[in-house]
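# Structural description and commentary
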Amino acid sequence: MNHSPCAGSSAPTVNREKRPLLSPSWFAAVMGTAIVANAAATAPWSFHGLQTAAMVVWLGAAVLLILLTTCYLRQRALRLHAGDPVMAQFFGAPPMALLTVGAGALLFGRRLIGLDAALDVDWVLWSLGTVLGLVTACTVPYLMVTRHRFAPDAAFGGWLMPVVPPMVSAATGALLFPHAPAGQLRLALLLGCYAMLGLGLVAVVLVLSMIYGRLVHHEAPTGTVVPTVWIGAGALGQSVTALGALAAAAPSTLPAPYAQGTAVFALLGGIAVWGFTMLWLALATGLTIRTIRAGLPFAPTWWSFIFPVGACVTATGALAARTDSLVLTWVAAVLYGLLVIAWAVVAGHSLRHAARHMWRRCAAGHALRRPVVPEGRLDGPTVLKGTVRTTTDGRPISQARVTLLDPAGDVVRDTYTAEDGSYAFSDLELDHYTVVAAGYPAQATSLTLGGSGYDAFDLTLTHEKG
């Protein structure tokens, strides 16, 4: 464990300047980009040049996956993000990024590297994504129960992220089914995919009920949390996609009555879930329009618009292909057009955010070569300070780790409290931040710095006896 930089002193600890950490939520950019390509490959309609453009988009997703994976592993921030009750939810994004890029390798990669090589890539990425997704689906809820504490209005769309990967594994695993050895291995793959579909779908229904309860009983979400409401539509749409894909794969393994039953389940169950998906999509759209009017700052949560709409496209397309419905075909086409537009907008904002981040790093590098500011002088527009105490008796907590996250979920600063429980962050820009205090079960709270000078913000931690 790192030691406090000013142990034995009653003054606030000096926060360590460091490069902002990459959050796992950025892997949603890979998911969103890959599903734009995959949805085009599996759509019941096509036009000239669509498949070539989709292949280029998939290649971009594959390159982005490699870059983000390398950067995230190098920073070694896994434990820090696991201790953050908000950021831990987005551990579901990396496995879904692996699964969607792997599916694209089989759909598009065969044109570049041949079927055998593309199949090997998909098997590797699907296996890694499935194992990582199952670990996430088990570990994050366990952390929520044992380590994190949440207010009654804490439920948000991000809570769906850890439990959706098994459903993505079920849908993408169906693509591998024709290439699996016949017999027990193929049967095990089919039954395993159905089991993962059930795992994810039941968990999604439970979480959706908590989110709906939060929306009804508390104030409507605002700001960068609103895009996460769309994840509900994506989770439901993914279940419909998986039902259709598995029903198409079942006849070569299951006996006739059961294979026919999967087709009936995919159609009747799928259309029922699709109806609720459209209801949730309408609710998310209304909340988003309401928030845009008040101002919606950019954050990685904007990628929550993309994958859910893509899942709705694949779900609608699967039902259209099964029923030959022109209405569903047109709905899928309209949704795909909206998906491409939304992807272009969010990708553009993400590139501008990345360019701004690189500019800040360059500016910080030049600032290190400037003369040292005399002690006691504030060289920044805003100073945030406060005290971390226990909720039981108000006792100050020393050596509690306090982390400051920007709207994108990246770590701006972190520090340890002094003996009197105090902490301070200086030279901050006016923005919306999340403060995470860890020492006992982690606690996260959002705040907005609205003016220059000093801002005070105290936090409390609870230590449960026994």
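Report follows, based on the coordinates. All of these numbers come straight from a predicted model, not from anything done at the bench.

### Things to note about the packing of helix 7 (residues 184-217) against helix 9 (residues 256-294)
- Helix 9 packs onto helix 7 with a crossing angle of 30 degrees between their chain directions and a minimal axis gap of 14 Å. Considered as vectors, helix 7 and helix 9 are oriented roughly parallel to each other. The hand of the helix 7/helix 9 crossing is left-handed. Here Tyr194, Leu208, Ile211, Tyr212 and Leu215 of helix 7 come into contact with helix 9, specifically with Thr262, Phe276, Trp280, Leu283 and Leu287.
- In the contact of helix 7 with helix 9, the residues fall into nine nonpolar, one polar and no charged.

### Regarding the pairing of strand 3 (residues 401-405)
- When you tally the buried positions in strand 3, you get four out of five residues, the bulk of the element.
- Note that strand 3 and strand 4 (residues 411-416) share five bridges and pair antiparallel. By the bridge assignment, Leu404 is partnered in strand 4 with Arg413.

### Observations regarding the packing of aromatic side chains
- Following the criterion strictly, the structure yields nine aromatic pairs and no others.
- With centroids separated by 5.4 Å and ring planes inclined at 90 degrees, the aromatic side chains of Trp230 and Phe305 adopt a geometry described as edge-to-face. With a gap of 75 residues between them, Trp230 in the loop between helix 7 and helix 8 (231-249) and Phe305 in the loop between helix 9 and helix 10 (306-323) connect regions that are remote in the sequence.
- Trp230 gets classed as buried once you look at its relative accessible area, which sits at 12%.
- Between the aromatic rings of Phe298 and Trp302, the centroid separation amounts to 5.3 Å while the plane-to-plane angle is 75 degrees, which identifies the pairing as edge-to-face. Here Phe298 matches Trp302 in class, with each residue buried.

### What to know about the nonpolar core
- Grouped together as the largest cluster of nonpolar side chains are 118 residues, with contacts concentrated most on Met31, Val101, Leu160, Val164, Val204, Trp303 and Tyr336.
- At 11 residues, the largest contribution of residues to this core is made by helix 7.
- Those residues within four positions of Val101 in sequence are excluded, and the remaining contacts are Val30, Ala34, Trp58, Ala61, Ala62, Leu65 and Leu125.
- Counting residues in hydrophobic clusters, the runner-up holds 12 residues, among them Ala400, Leu404, Tyr423 and Phe425.

### Brief notes about the packing of helix 9 against helix 10
- Interhelical geometry of helix 9 versus helix 10 gives an angle of 140 degrees and a closest axis separation of 10 Å. Judged by the inter-axis angle, helix 9 sits oblique to helix 10. Handedness of the helix 9/helix 10 crossing: left-handed. Here Ala263, Ala266, Leu267, Gly270, Ile271, Trp274, Thr277, Met278 and Leu281 of helix 9 come into contact with helix 10, specifically with Cys312, Ala315, Thr316, Leu319, Arg322 and Thr323.
- When its residues are assigned to classes, the contact of helix 9 with helix 10 shows 10 nonpolar, four polar and one charged.

Calculation rules
- Residues numbered from 1 in each chain as written.
- Predicted model: local features only at pLDDT ≥ 70, side-chain atom pairs only at ≥ 80, totals over all residues.
- Heavy atoms only, no water.
- Axes fitted to C-alpha atoms, helices over the stretch in contact; angles between N-to-C directions.
- Helix = DSSP H or I, 4+ residues; strand = E, 2+ residues; numbered from the N terminus.
- Parallel < 35°, antiparallel > 145°, perpendicular 65-115°, else oblique.
- Left-handed = near helix turned anticlockwise from the far one by under 90°.
- Contact = heavy atoms within 4.5 Å.
- Nonpolar A, V, L, I, M, F, W, Y, C, P; charged D, E, K, R; others polar.
- Buried < 20%, exposed > 50% of the residue type's maximum accessible area, 1.4 Å probe, protein only.
- Pairing = 2+ DSSP bridges.
- Phe/Tyr/Trp six-rings, centres within 6.5 Å; stacked < 30°, edge-to-face > 60°.
- Core = buried A, V, L, I, M, F, W, Y, C linked by side-chain atoms within 4.5 Å.

What is shown is where atoms sit, not what they do.
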